[in-house]
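Results of the structural survey
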Amino acid sequence: MTPVALCAPDKLRGALDAHEAAKAMAEGCRQAGWDAIEHPLADGGEGTCDVIVRGRGGRRELISTRDAIGRPRKAALGVLPDGSCVVEAAEAIGLMHIPRNRRDVMRATSAGIAPLVLAALERGAPRIVVGLGGSATVDGGLGLLIGLGLKAFDSDGNVLRGRGMDLPAVARLELGGLDPRLARTEVVVALDVDSPLAGPLGAAPVFGPQKGASPEQVAILDAGLARLDVLYGDRARRPGAGAAGGLGAACFLLGATPIPGAELVMQETGFAEQLARAELVLTAEGAVDAQSAAGKTVAGTHRPIMVEEI
């Protein structure tokens, strides 16, 4: 019997998306005399929506929104056969959409995710999967929450917009305006980090510099996120609250359930069933480094069988 290889890579950023990488792997396996299964994966960041939609036989719908610095864009909402929807933060407010010379965490806001969530609610989605990775923001998810109906005020009663620069001024939140459909909808978030919202290991020190924040801006943002941590309260104070510049905390405030991103994508795409057919798993990602063992795809594919990482 011809042996079977399961080709299950993440994207190779800057070279191939996950589907292209899986195809290339499979072609090599077939040339070597193996059968090959192409099973692209993701870890909750860029490419998550596409991988789940294609793996489940769903469809992508383009929704009008704005990127992290307010420019109009179309972002894909994944609609699955059972009516569930997939929202990918990177589709709307991804760092890859912002030229390096225009990255500005103080102006950036996560508000652009809200139209995707609202579109899912309009479609009556019983479940919304939110992939958090790849955002250009460090706003504690305040922009997203404001887009969903929350109101934020400074100490003088002025309404805030939910940008990074607004965080130090936040004095009061009104949650009563949040869309009531959220309470009737299961929300699951795909996480690949367990960072807290604020502090030395929080969203601003860990992720801010990657998004263009200076040391001075990191300190300002971290102080603002500490204010949000108090205002959000215990409900949002969970491992992963600092994911995607604090989007994790905002999702927890909405009652979301966290699942490691690679694990969630595997569940959604039937990875276990394909794994049972294979003698060999081939996996890959753009860079295998110290982060790879912490919830990334190459670690998630590991099972007590032969695994090759390339």
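For the structure, check the block above.
Attention in this report is confined to the structure presented alongside it. On a predicted model such as this, the values are computed, not experimentally measured, just so you know.

Right, let's talk about the side chain of Thr48 for a bit. Topologically, Thr48 is positioned in helix α2 (residues 48-56). Owing to a relative accessible area of 1%, Thr48 belongs among the buried residues under this scheme. At 2.7 Å, the side chain of Thr48 forms a polar contact with the backbone oxygen of Gly45. Among residues more than four places away in sequence, those in contact with Thr48 are Ala42, Asp43, Glu88 and Val265.

End to end, helix α1 (residues 18-31) covers 20 Å across 14 residues, agreeing with the expected 20 Å (1.5 Å per residue, within 8%). Turning to α1, its buried residues are Ala18, His19, Ala21, Ala22, Met25, Ala26 and Cys29. End-on view of α1: buried residues confined to an arc of 160 degrees, all on one side of the axis. Taking the backbone nitrogen of His19 as reference, a side-chain oxygen 3.1 Å away marks Asp17 as the first, capping residue of α1. Residue Gly33 follows α1 closely and has a positive phi angle near 95 degrees.

Attention now goes to the sheet that holds strand β3 (residues 59-66). Strand order in the open sheet made by the six strands is β3-β4-β5-β6-β9-β10, with mixed pairing throughout. The sheet is open, and its two edges are formed by β3 and β10 (257-260), each paired on a single side. On average, each strand axis in the sheet is tilted by 30 degrees relative to the strand beside it, whichever way the strands run. Note: strand β4 (residues 72-79) against strand β5 (residues 85-88), three bridges, orientation antiparallel. The partner of Gly78 across the bridge, within β5, is Val86.

Cut-offs applied
Residue positions are given per chain, counting from 1 as you read along its sequence in written order. The predicted origin of the model limits local features to residues at a pLDDT of at least 70 and limits the giving and counting of side-chain atom pairs to 80 or more, whereas totals for whole chains, interfaces and linings rest on all residues. Think of the side-chain values as coming from all heavy atoms in the structure, minus any hydrogens and water. Here a strand is any run of E in DSSP of at least two residues, a helix any run of H or I of at least four, and the numbering for each starts at the N terminus. Three exposure classes are used, based on accessible area relative to the maximum for each residue type with a 1.4 Å probe and protein chains only: buried under 20%, partly exposed in between, and exposed over 50%. The term polar contact refers here to a pair of N or O atoms within 3.5 Å; inside protein, the definition further demands a hydrogen-donor-capable atom paired with an acceptor-capable atom, and it admits residues adjacent in sequence only when both atoms are side-chain atoms. We call two residues in contact whenever any of their non-hydrogen atoms come within 4.5 Å of each other. Helix span is expected to be 1.5 Å times the residue number reduced by one. Relevant arc is that of directions from the helix axis to the C-beta atoms, nothing else. Any two strands with at least two DSSP-identified bridges between them are counted as paired. Lines fitted to C-alpha atoms define the axes here, with helix axes fitted over just the stretch in contact, and angles between the N-to-C directions of these axes take values from 0 to 180 degrees.

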